[in-house]
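Listed here are the chains, written in short residue letters.
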Amino acid sequence: MSKGIRITIVLALALGATACSSAPHPSSGKKKSGTVVRSCGQSLSVPEAPSRAVTLDQSSTETLLALGVADRMAGTSYLKTSIAPRYRADYKKVPVLSPKTLTSEQLRAANPDLAVASFAELYGKDRVGTREELKDAGLPSYVSAVDCPRHNKPGMTPFDLLFKDYENLGRMFRTEHRAQELIDRQKKEVQQAASVRKNVKDKPSVVWIYSVFDGAPYVAGKGGLPSEMSRLVGAKNAFDDVNEQWPEVSWEAVADRDPDLIVLGDIPELGQPGDSAGDKLRMLREDPLTSKLSAVRKKRILTVPGIEMDPSVRSTHTLGLLADEMKDRGYAR
């Protein structure tokens, strides 16, 4: 029985009404040497380079495309914004299993040998199944280190953790050289953007708005990439006092902080009101309270692809945009 077929059968049992019992993994009787990495509390053993990887979100998709493994991807899902131009040709080679969040049925139909996600919450009973269920089915599941900081060495920044993802995935896919090139290039981009910090005369506050659901904004709190990007360029994330990466807050809370700069995430592919940057900007301008914010009145608003606020191979791009904004607005001499 092939590994893919076995995963399909076991997942069908594991994600049904009753949990499956763990069955022995098929073996040729020969011990295989392979790669072992740690991911969000689990040890992942990959005897051979994955050949049918499935990504559960766009950030993971573009990371694998950046590592040059499009031909070893069995499917992608959960598109939030336009695919970056440099990845579009390779993206077209990979089956889109779902434009939204993936289901367990869609995952197992792809016969995967690895699942990759940026967020632990994408592994759930109401989605593709828990990581424990997938492990019992013989399917390794990877979660970005950025979403699991407590499982890594103390003192690692979100960018350090993002680069750890490149290293881990490069090892699993046997593309270590390409992963290292990506790490080296993005480290230089981080250093270049951070160079503006020494010239910042004041410490402006920034509110990062990712999405608006039922009229309430979700903003960057403490510990995520936007908080770190703010710090790197000499600014302050206005909601760093909230110990949650993406808390739901009120517009009154945003107004109370009256930020110097607002960053809007553009995630139009999700298709809900408040997802596009245009929707968010219109809400800010039309609401009697937020229209009085100094950042709105003085048009100190930066629009970025929402995916770049996530753990993404594109996050250094938004960091660079923020650094440029600091200079253009006169916060950095």
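How each quantity is defined
Residues numbered from 1 in each chain as written. Predicted model: local features only at pLDDT ≥ 70, side-chain atom pairs only at ≥ 80, totals over all residues. Heavy atoms only, no water. Helix = DSSP H or I, 4+ residues; strand = E, 2+ residues; numbered from the N terminus. Buried < 20%, exposed > 50% of the residue type's maximum accessible area, 1.4 Å probe, protein only. Contact = heavy atoms within 4.5 Å. Areas by Shrake-Rupley, 256 points an atom, 1.4 Å probe, with all protein chains shown as cover. Lys, Arg positive; Asp, Glu negative; His and termini not counted. Charge placed at Lys NZ, Arg CZ, Asp CG, Glu CD. Arc of directions from axis to C-beta. Core = buried A, V, L, I, M, F, W, Y, C linked by side-chain atoms within 4.5 Å. Disulfide = S-S within 2.5 Å. Polar contact = N/O pair within 3.5 Å; in protein donor to acceptor, adjacent residues only side chain to side chain. Salt bridge = Lys/Arg side-chain N within 4 Å of Asp/Glu carboxyl O.

### Some words on the overall build of the protein
Along the backbone of the protein there are twelve helices and twelve strands. The C-alpha extent of the protein, read off along each of the three principal axes, is 70 × 40 × 35 Å. The proportion of buried residues among the 333 residues of the protein is 54%. Excluding contacts between residues fewer than 6 apart, the proportion of contacts in the protein whose partners are at least 24 apart in sequence is 65%. Of the accessible surface of the protein, which amounts to about 15,400 Å², a share of 49% is contributed by carbon and sulfur atoms. The averaged location of the 42 negative side-chain charges in the protein is 5 Å from the averaged location of its 48 positive side-chain charges.

### Points about helix α10 (residues 277–286)
Because each turn of an α-helix spans 3.6 residues, side chains separated by three or four positions end up pointing in the same direction. Listed in full, the buried residues belonging to α10 are Ala 277, Asp 279, Lys 280 and Leu 284. The buried residues of α10 occupy one face: seen down the axis, they fall within an arc of 160°. Summarising the geometry of α10, the exposed residues directed more than 90 degrees from the buried face are Arg 285 and Glu 286.

### A short note on the nonpolar core
Core analysis: the largest hydrophobic core is formed by 79 residues, its most contacted members being Leu 64, Phe 159 and Met 172. Of all the elements, helix α6 (residues 158–173) adds the most residues to this core, at eight residues. If sequence neighbours within four positions are ignored, Phe 159 has contacts with Val 190, Leu 225, Glu 228, Met 229, Leu 232, Ser 315, Thr 316 and Leu 319.

### Structural notes on the state of the cysteines
Inspection of every chain in the model, using the stated rule, returns one disulfide. Across the disulfide from Cys 40 sits Cys 148; the S-S distance is 1.8 Å. Between Cys 40 and Cys 148 the sulfur-sulfur dihedral comes to about -80°; the bridge is accordingly left-handed. Of the two residues, Cys 40 is situated in the loop between β1 (35–39) and β2 (42–46) and Cys 148 in the loop between β7 (141–143) and α6; the sequence distance between them amounts to 108 residues.

### Comments concerning the environment of Asp 260
For Asp 260, the position within the fold is in the loop between α9 (251–257) and β11 (261–266). You can call Asp 260 partly exposed: its relative accessible area is 25%. Separated by 192 residues in sequence, Asp 260 and Gly 68 have C-alpha atoms that sit 40 Å apart. Separated by 2.8 Å, the side chain of Asp 260 and the backbone nitrogen of Ser 205 make a polar contact.

### Some details on the pattern of salt bridges
Taken as a whole, this structure holds eleven salt bridges when the rule is applied. The salt bridge involving Asp 310 is made with Lys 80; its shortest N-O contact spans 2.9 Å. In this pair, Asp 310 is assigned in the loop between β12 (301–305) and α12 (315–328) and Lys 80 in the loop between β4 (73–77) and α3 (88–91), connecting sequence segments 230 residues apart. One salt bridge connects Glu 167 with Lys 164, and the closest N-O pair in it is separated by 3.6 Å. Residue Glu 167 and its partner Lys 164 are located together in helix α6, separated by three residues, close to a single helical turn. Look at Glu 167 and you get partly exposed, because its relative accessible area is 36%. Each of Glu 62, Glu 308 and Arg 314 takes part in one network of salt bridges that share partners.

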